[in-house]
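Structural characterization, general
Next come the chains, spelled out residue by residue.
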Amino acid sequence: MAKKLFIDPGEMRKSGQIDFSSIPVNQYNKTVQDELENLSKEDLVRIYRDMAIIREFEEMLYAIKTTGEYRHTPYDYPGPAHLSVGQEASVVGQAFLLDKDDLIFGSHRSHGEILAKGLSAIEKMTAQELTQIMEDYLDGTILAAVRRIKDGTTAVKDLAITFLLYGTLAEIFGRQTGFQMGLGGSMHAFFTPFGVYPNNAIVGGSAAIALGSALFKKINQKKGIVISNVGDGSLGCGVVWEALNMASMGQFRELWDGEYQGGLPIIFNFFNNQYGMGGQTAGETMGFDFLARIGAGINPEQMHAERIDGYNPLAVIDAMRNKRQLLEEKRGPVLLDTVTYRFAGHSPSDSSSYRTKEEIEAWQQHDSLVTYGLELVRFGLATEEDLQGIREAIVELVQSVVKLAVDEDISPRMDLPGDPDLIERFMFSEQRVEKMDDRPCEVLISREENPRVQQIQRKLRTKVEAGQSGLRTFQLRDAIFEAILDKFYVDPTLVAYGEDVRDWGGAFAVYRGLTEALPYHRFFNAPISEAAIVSSGVGYVLSGGRAIIELMYCDFLGRAGDEVFNQMAKWQAMSAGELQMPLVLRVSVGSKYGAQHSQDWTALPAHIPGLKVVFPATPYDAKGLMNSALMGTDPVIFFESQRIYDVGEMFRPEVPEGYYEVPIGEPDVKREGTDLTILSIGATLYRALKAADILEERYGVSAEVIDARSLVPFNYEPVLESVAKTGRILLTSDACERASYLKEMAQTVSELAFDDLDAPPVVVGARNWITPAHELEEFFFPQPEWMIDAVDAKIMPLEGHSPKRRVSRNTQIIRKKSGL
Amino acid sequence: MATPIIMPKQGQTVESCILTVWHKQVGEQVFEGDLLFSYETDKAVFDEESTAEGVLLEILFEEGDEVPVLTTIGLIGEEGEQPPEADAQAFHEADQAEDTHPSEKDAVPKPIADPVEPVLRDGDRVKASPRARRLAAEIGVDYRQASPSGAEGRVVSQDVLALKPQVAPEIVEEQDELHYEEMELSRARKLIGDRMRASFSEVPRVTLNTSFDASELLDLRKKLKADRSEQGLSGVTLNDMVIYAVSRTILNHPELNAHLLGEKTRLFRDVHLGIAVDTERGLMVPTFFDANRKSLRDTSVEIKSMIQQCHDGNINPDYLQGATFTVTNLGPLGIESFSPIINLPQTGILGVNSIAWKLKEQDGEYIPYPAMGLSLTFDHRAVDGAQGARFLKELTGRLETFSLLLCV
Ligand SMILES: Cc1ncc(C[n+]2csc(CCOP(=O)(O)OP(=O)(O)O)c2C)c(N)n1
């Protein structure tokens, strides 16, 4: 959808061919001597040192995992250790030219990357910067521990190196003095002050997060580049392909304006150690033969793909120098196939049954640490004794760091015995931040000039009677629009993207009017890549921005399962509160379009710790909740229902034009009553009200209707108060009844209001079926009459009522027995 | 071999009793016939004598414990004998399995009539909502007494609320020293309270007061009192006569010889009269079954014996239920009229009052006569005011011509 781009049938139907250019494979052929043009002698020796540090660090973990000790320090470490012994040259080479503003996102096998990147950043920082970082980070707790072995006479850089090794190891060992206070662990350790961003235990998980971080750099004009470091095995993952594709979107060049025009500053680097866990990528589980080949399929630049020799640190440095230049020229993205090999197994328990001893030995013949050391000696840049001295110093350093990290007093675990609820504090950040940056907001027109705003001005914002909503009424879709539009004029970092949002205005016209207001880089169409949309949102906000992303239909949530459940939900707590996740994911719950377009899956994100979940049903609540979501710093899944985008406000006197918030987590009594409480989530509110009318008129039963508005967090007090009064509660939503969030609420009410209940809490949800055609939906989604039947059968017999549906105990048991 | 001490089963419907007092201590010598322990059901208190001789070796339940009937609660054996290793409960189980354990107290005759369905069987499972249970505990009523209106036959809070007294008793809180002594209410007392409260609050009651010329009753009473024969006629009281007259009259007014059970009333073919008895342990209401089939003499003798058993605390609990109408007599205490409380689900209760001298006009002259008061309280849901009045009218007519009634 970009009217600017004319699709010419003549062009499209023309015959011809696609020409590819050749993809370089290991073409670097310089010596250490040659590199003296670019690197100093010290640099060249430091490359050796950094590789040796990583080697010793990983060998140390291997020893601990396999023998229970390292150089006489015993330790039992049951956690993961995906070691990269053998891969040192590739990580050191990559990091060597990078500084703290260049961000890397890695995998389960990223100890080496943390150390290499950290060592490189330390080398480039001033003593003052380093001291500041160490003193500030976790209020100096890590530094205090390190001070036990490094006194005041230690040079700051040496201190920082010890700090880096210790912070990483303490994190791996799950100590409170680790970089993430032990909440991350081996596969998730990172250290943002050195540009080391979250490493991900989900294979390929980092690719789209890194993409989001690159979007952040580009959109907010920040210094530096971003690297996604994943393995060759991750090329089997959909989200990685989504990320490659989305990072290569044509609009960066074709449609984004001015300084925003041009490619993303990102390198998709694949540490190609030839194996997944045991599956060989080239030849067995993939068809690419050369991993670098896939660049050719992504965009005309073939992603500047190249295979480089990850066993030669200089080759990697060289490639990074060139590729970085490309990125600075806005010619990204780049794909690198960095050939490497791990000597150790996937993890220490791996018996390497999938490869031969000969193969491992052959690669050991090429061991980069040895061969690079020999090169240094050959060209007289270091003597064998120098190198030995370096290695010995490293052993001593690693030894002292291990002793420190296993010391229960100096490196304690998080005090869960003393404070069993400690982790609660990290689940949400609960900040209020009006804007993530202070610069002016880039917009195309003023708010007043916006045609949608003008249209809304002609609408009635005041309370309407049921069923009176029309074109002249301020609708729920207007309310969401208004909150979002306003925020675009406040927070310069705010971006919104998703499928078919620009020009179209989103499938349900919520975003109509944003296209006119916002430049491409703040509001754009994403490819149909739900996983990449969500994960890039995660990367965007954890790099410092604020974003609203969307899934056109709730049913597509499965396509973004990992991204919502493991990425969006987890990084605040896994970073021990260092990272914030001001990300709003709009999710639209459908109807009318059958089984794969009509599902209310609120229960799925609500089950996952770390997400806030809301589902407003009125214009007032929608605007207020969106404002709250856009003010907070926590990830919010913002459910909307397509049934009610056009409802007007029926409860408040009016929907204010100005800013106001509805607090997340507070249910709202929409109708007062004394005999029965009905708690509704989402669009069933209106059917619940209808049921309340019927109960009143036909049976003289006065029902109180509460709109949950939020699922997580949720303040039960108003509900309990209501139940204390009525003694009865029915819960309803459009979700299939089995394991819906209503069940969770019903159980909680049973537990907390047990002595107030005159009948069990009864859930009226959709049937546990597929959704039938729209014309038959009344047999699937809860209807007011179902609620009345349930009240009569389970809660309070209604005089003269004869139920139309089977609601008996037996029916229920039989259905459950059959899985229905 | 030690002899188990068994918690007796008092009547068909009692499933557990509260062990109230051990009269012997472990190690103490026990002779046959010695008072061994006391226990109570929610209707009565009982004493149990030992049927074995020896030493009380062991007690298995403490005072205050609720004990299922036919459970072994202690052991009597020879001096120095060790209590058996095996769980004493085994005795109980063996007993149950063979069902050979004889009822300890067979002194009370079995009820003659088929007992009507009891109001409430102890231990019956009553479905009640948590809210109803909580509310019942708060306001001190027994939710099991409520008639269920909730889904799936559940007693819900409004049903319990219906048992609640309209006027809450004022509670005066003592601040300083204790000028009083507190005693735990006995189970029987609590039950009486619960029932009374339920009846009082749930039932729209009407009380009609009337009196009749008791001259003829008093005359007859005088004659009977003088009877020296062994027929037991000398013990016939005014109350017995009222009861006799009620039993002969009430069948003409079936709505008063009835139970009101939710949607329906159960009209009884025979008359089972509840007789209110004031005992040390509180109010007890034994049932005089088949009153309409008994002679005046039998009426007198049976009632006397039941009253005695109530005072002694050894009445069979089966006799404490199943009444179809109740007569309560406060006459001896000088009460002139009162408003007795209906024993639900019965529909009425007759209060018998004292005799006061009244004047009646006869041929322009005022003649004094002994007037005995009657107070009929009935459940207005089941009985209309006029129906109640008609019953009273027929009753007083019969009492005034009591000798004719005896000839019927
Ligand atoms: C989504 C997902 N699937 C499977 C795994 C289990 N797993 C962990 S590492 C790994 C192999 C990954 O291979 P590659 O991406 O080449 O990285 P390498 O281990 O070679 O560094 C697998 C299958 C996982 N962590 N995440």
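Residues numbered from 1 in each chain as written. Chains lettered and ligands numbered in written order. Predicted model: local features only at pLDDT ≥ 70, side-chain atom pairs only at ≥ 80, totals over all residues. Heavy atoms only, no water.

On to the overall build of chain B, then. Per the secondary structure count, chain B includes nine helices and 18 strands. Within the span of chain B, comprising 408 residues, buried residues form 48% of the whole. Total accessible area computed for chain B in this model is approximately 20,900 Å², and 49% of it derives from carbon and sulfur atoms. (Helix = DSSP H or I, 4+ residues; strand = E, 2+ residues; numbered from the N terminus. Buried < 20%, exposed > 50% of the residue type's maximum accessible area, 1.4 Å probe, protein only. Areas by Shrake-Rupley, 256 points an atom, 1.4 Å probe, with all protein chains shown as cover.)

This part takes up the overall build of chain A. Across its full length, chain A holds 30 helices and 20 strands. For chain A, the C-alpha radius of gyration of 30 Å lies close to 28 Å, the compact-globule estimate for 820 residues. Summarising its shape, the C-alpha atoms of chain A cover approximately 100 × 70 × 50 Å along the three principal directions. Of the contacts made within chain A by residues no fewer than 6 positions apart, 78% connect residues no fewer than 24 positions apart. Of the roughly 31,700 Å² of accessible surface on chain A, 51% is carried by carbon and sulfur atoms. (Rg over C-alpha atoms; globule rule 2.2 N^0.38 Å. Contact = heavy atoms within 4.5 Å.)

Residues and elements named next belong to chain A. Between helix α26 (residues 684-699) and helix α29 (residues 784-795), the shortest axis-to-axis distance is 8 Å and the interhelical angle comes to 55°. Here α26 lies oblique to α29, going by the angle between them. Every pair of crossing elements has a handedness; the one defined by α26 and α29 is right-handed. Facing α26, whose interface residues are R687, A688, K690, A691, I694, L695 and Y699, α29 presents P784, E785, M787, I788 and V791. Counted by class, the contact of α26 with α29 contains nine nonpolar, no polar and three charged residues. (Axes fitted to C-alpha atoms, helices over the stretch in contact; angles between N-to-C directions. Parallel < 35°, antiparallel > 145°, perpendicular 65-115°, else oblique. Left-handed = near helix turned anticlockwise from the far one by under 90°. Nonpolar A, V, L, I, M, F, W, Y, C, P; charged D, E, K, R; others polar.)

Let us now look at a positive patch on the surface. Taken together, the side chains of R809 of chain A together with R125, K127 and R133 of chain B define a basic patch exposed on the protein surface. Inspection of the secondary structure assignment puts K127 of chain B in the loop between α1 (89-98) and α2 (130-139). Take K127 of chain B: its relative accessible area is 36%, and that puts it in the partly exposed class. (Patch = residues over 30% accessible without salt bridge, like charges linked within 9 Å, V, L, I, M, F, W, Y side chains within 5 Å. Salt bridge = Lys/Arg side-chain N within 4 Å of Asp/Glu carboxyl O. Lys, Arg positive; Asp, Glu negative; His and termini not counted. Charge placed at Lys NZ, Arg CZ, Asp CG, Glu CD.)

Once that is clear, we can look at the site of the ligand. Residue and element names in this part refer to chain A. Near the ligand there are 14 residues, and of these H108, R109, A201, G233 and Y275 occur at the shortest range. In the model, an oxygen atom of the ligand is placed 2.7 Å from a nitrogen or oxygen of the H108 side chain. Between V203 and the ligand, the recorded distance is 3.2 Å, taken from a backbone N or O atom to a nitrogen atom. In isolation the ligand offers 570 Å² of accessible surface; the protein chains occlude 70% of this area. For the shell around the ligand, the per-class residue count stands at five nonpolar, seven polar and two charged. (Near = heavy atom within 4 Å. Polar contact = N/O pair within 3.5 Å; in protein donor to acceptor, adjacent residues only side chain to side chain.)

All names here are of chain A. With respect to the helices and strands, the residue V712 is situated in strand β18 (residues 710-712). Taking the C-alpha atoms as reference points, V712 and E171, 541 residues apart in sequence, are found 30 Å from one another. With residues up to four places along the chain from it excluded, the contact list for V712 reads A606, L611, K612, V613, I664 and Y741.

The domain boundaries assigned to chain A delineate domain 1 (38-412), domain 2 (451-641) and domain 3 (669-817). Summarising the inter-unit geometry, the C-alpha centres of domain 1 of chain A and domain 3 of chain A are found 54 Å apart. (Domains from an automatic or database assignment.)

Note on interface size: it is often stated as the accessible area lost on association of the parts. Between chain B and chain A, the residue contacts involve 13 residues of the former and 20 residues of the latter. Here chain B packs against chain A, burying approximately 1,000 Å² in sum over the two surfaces, 44% of which is carbon and sulfur. At the boundary of chain B with chain A, the tally comes to one salt bridge. R134 of chain B is the salt-bridge partner of D756 of chain A, the closest N and O atoms lying 2.2 Å from each other. (Buried area = accessible area lost by both parts, 1.4 Å probe.)

With that out of the way, let us pick up the side chain of N312 of chain A. Along the chain, N312 of chain A turns up in the loop between β7 (306-309) and α13 (313-328). A polar atom in the side chain of N312 of chain A sits 2.9 Å from the backbone nitrogen of L314 of chain A.

Our focus in this paragraph is unusual backbone geometry. A cis amide bond, omega 0°, links G332 of chain A with the succeeding residue P333 of chain A. With respect to the helices and strands, the residue P333 of chain A is situated in the loop between α13 and β8 (334-339). The amide bond that connects L344 of chain B to the next residue, P345 of chain B, takes the cis arrangement and shows omega of 0°. Topologically, P345 of chain B is positioned in the loop between β16 (325-329) and β17 (348-362). A positive phi angle, near 60°, is found at M303 of chain A, a position not held by glycine. Take M303 of chain A: it is sitting in the loop between α12 (295-298) and β7. Residue classification places M303 of chain A among the buried positions, given a relative accessible area of 0%. Notably, A509 of chain A is not glycine yet its phi reads approximately 65°, a positive angle. With respect to the helices and strands, the residue A509 of chain A is situated in the loop between β9 (495-498) and α20 (514-517).

All names here are of chain A. Core analysis: the biggest nonpolar cluster contains 197 residues, and I47, F173, F194 and L215 have the highest contact counts within it. No other element matches helix α3 (residues 41-67), which puts 13 residues into this core. Sequence-distant contacts of F194, defined by excluding residues within four places in its chain, comprise K100, K117, G118, A121, I122, M125, L130, I133 and L164. In this structure, I484, Y645, V701 and A703 belong to the second largest nonpolar core, which totals 73 residues. (Core = buried A, V, L, I, M, F, W, Y, C linked by side-chain atoms within 4.5 Å.)

Right, let's talk about the sheet that holds strand β3 (residues 103-106) of chain A for a bit. All names here are of chain A. Strand order across the open sheet formed by six strands is β4-β3-β5-β6-β8-β7, with parallel pairing between neighbours. Edge positions in the sheet fall to β4 (196-199) and β7, since each has one partner strand and no second. Strand after strand, the sheet turns through a mean of 25° between neighbouring axes, direction not considered. In the sheet, β3 pairs with strand β5 (residues 226-231) via three bridges, with the strands oriented parallel. Residue pairing in the sheet places F105 in a bridge with S228 of β5. In the packing of helix α10 (residues 238-247) onto the sheet, the strands contacted are β6 (266-272) and β8, and the crossing angle to β6 comes to about 150°. (Pairing = 2+ DSSP bridges.)

Okay, the pattern of salt bridges next. All names here are of chain A. For the structure on display, the rule yields 62 salt bridges over all chains. Among the ionic pairs, R49 bridges to D50, the shortest N-O distance being 2.9 Å. With relative accessibility at 2%, the residue D50 sits in the buried group. Across the salt bridge formed by K435 and D438, the nearest N and O atoms sit 3.4 Å from each other. Judged by relative accessible area, K435 falls into the partly exposed class, the value being 33%. Beyond isolated ion pairs, a larger network of salt bridges with shared partners links D621, R652, D668, K670, D707 and R709.

So, on to the packing of aromatic side chains. Taken as a whole, this structure holds 36 aromatic pairs over all chains when the rule is applied. Both rings, one in F714 of chain A and one in Y716 of chain A, keep their centres 4.8 Å apart while their planes meet at 75°; by these two values the pair is edge-to-face. Of the residues examined, F714 of chain A reaches a relative accessible area of 13% and is grouped as buried. Where F325 of chain B meets F391 of chain B, the ring centres are 6.0 Å apart and the plane angle is 70°; that geometry is what we call edge-to-face. Remark: F391 of chain B occurs in helix α8 (residues 385-400) and F325 of chain B occurs in strand β16; sequence separation between them is 66 residues. The ring of F651 of chain A is capped by K670 of chain A, whose NZ or CZ atom sits 5.5 Å from the centre of that ring. Above the face of the Y369 of chain B ring, K360 of chain B is positioned so that its terminal group lies 4.9 Å from the ring centre. (Phe/Tyr/Trp six-rings, centres within 6.5 Å; stacked < 30°, edge-to-face > 60°. Lys NZ or Arg CZ within 6 Å of the ring centre and 35° of its normal.)

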